[in-house]
Amino acid sequence: MKMGMEIGKLILAFMVLINPFSALSIFLDLTRNNNTRERRKVAQISALSVFIVIVIFAFSGNWILRIFGISTGAFQVGGGLLVFLIAISMMSAGNNMAKPEISTDESSEITVKPKHPSQSAASIAVVPLAIPMMIGPGGISTVVIYASSAKSLGDTLSIVAAGAIISVICFSTLLAASRISNLLGETGLTILNRIMGMLLAAVSVEIVVAGLKALFPRLVG
């Protein structure tokens with residue numbers, strides 16, 4: 001796999017998996033009592049957290065598979081199937097198994113009552129906004145899949161570069177959350193989510209095919 005030549009595909013894969021638009025409603029809800037400066041801080045920490053997770057797994061992907069004795073092909077097939085299930089969930093408007101619904105209503109099990117805005121901003125930025133709302137099991141699995149297929153340091157750096165670009169997109173999206181939500185509305189966000197699901201399904205098929213080629217080189221030409 002020529003990672004350096006496919007950074008566009010990496011960005012597409014990360015974009016549809018991380019999909020910062022899916023975190024807009026929870027971002028607005030969790031920061032409804034925060035001012036503009038605090039919201040910006042939450043967006044910054046969330047985007048940075050996404051980037052750090054991508055970097056960690058980009059450099060440790062091969063090591064993780066070797067520790068557990070898992071072949072790259074097997075992980076590609078398994079990860080591809082997980083990504084496909086996430087795509088089906090997105091297209092059917094069901095609950096995303098990798099990005100669970102999180103409510104902040106008083107009647108819900110998870111209640112966020114910020115007493116110290118600065119501390120609360122830092123905590124909610126990492127969990128649940130960055131993990132698992134933006135980068136969950138599907139995103140992490142995809143990073144590991146691409147990392148395990150990397151043939152050189154340049155390939156790994158391509159993954160990191162794609163992660164940096166996605167992190168900037170996440171920051172920009174969260175920063176403009178109110179405007180985007182007002183512009184698209186619930187219907188627009190639903191349509192966008194389904195389009196992302198369709199793109200994600202295509203990405204997952206490519207991942208599975210690559211895994212089958214690695215496992216059965218003679219059967220899959």
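Scope of this entry: the structure provided in the associated data block. Just so it is clear, the model here is predicted, and its values are computed rather than measured.

## Some thoughts on the packing of aromatic side chains
No. 1: What the rule picks out here adds up to one aromatic pair.
No. 2: Seen from their ring centres, F14 and Y146 are 6.5 Å apart, and the 90° between their planes marks the pair as edge-to-face. Residue F14 is found in helix α1 (residues 7–18), and its partner Y146 is found in helix α6 (residues 137–149); the two are separated by 132 residues along the sequence.
No. 3: Assessed through its relative accessible area of 6%, Y146 is described here as buried.

## A look at the packing of helix α3 (residues 36–68) against helix α7 (residues 153–175)
No. 1: At their nearest, the axes of α3 and α7 sit 9 Å apart, and the two run at 165° to each other. Classified by the angle between their axes, α3 and α7 sit roughly antiparallel to one another. Judged by the twist between their axes, the crossing of α3 over α7 is right-handed. Taking contact as the criterion, the partners of R40, A43, Q44, S46, A47, V50, F51, I54, V55, A58 and F59 in α3 are, on α7, L153, T156, L157, I159, V160, G163, A164, S167, C170, F171, L174 and L175.
No. 2: A class-by-class count of the residues in the contact of α3 with α7 yields 17 nonpolar, five polar and one charged.

## Topic: the pattern of salt bridges
No. 1: Tallied over the full model, the rule gives two salt bridges.
No. 2: A salt bridge links K9 to E206; the shortest N-O distance between them is 3.2 Å. Of this pair, K9 sits in helix α1 while E206 sits in helix α8 (residues 177–215), and the two are 197 residues apart along the sequence.
No. 3: Among the residues examined, K9 registers a relative accessible area of 34% and is labelled partly exposed.
No. 4: Here E206 falls in the partly exposed class, since its relative accessible area comes to 46%.
No. 5: Across the pair R32 and D29 runs a salt bridge whose closest N-O atoms are separated by 2.6 Å.
No. 6: A residue is classified by how much of its surface remains accessible, and D29, at 23% relative accessible area, is partly exposed.

Rules used in this analysis
Residues numbered from 1 in each chain as written. Predicted model: local features only at pLDDT ≥ 70, side-chain atom pairs only at ≥ 80, totals over all residues. Heavy atoms only, no water. Phe/Tyr/Trp six-rings, centres within 6.5 Å; stacked < 30°, edge-to-face > 60°. Helix = DSSP H or I, 4+ residues; strand = E, 2+ residues; numbered from the N terminus. Buried < 20%, exposed > 50% of the residue type's maximum accessible area, 1.4 Å probe, protein only. Axes fitted to C-alpha atoms, helices over the stretch in contact; angles between N-to-C directions. Parallel < 35°, antiparallel > 145°, perpendicular 65-115°, else oblique. Left-handed = near helix turned anticlockwise from the far one by under 90°. Contact = heavy atoms within 4.5 Å. Nonpolar A, V, L, I, M, F, W, Y, C, P; charged D, E, K, R; others polar. Salt bridge = Lys/Arg side-chain N within 4 Å of Asp/Glu carboxyl O.

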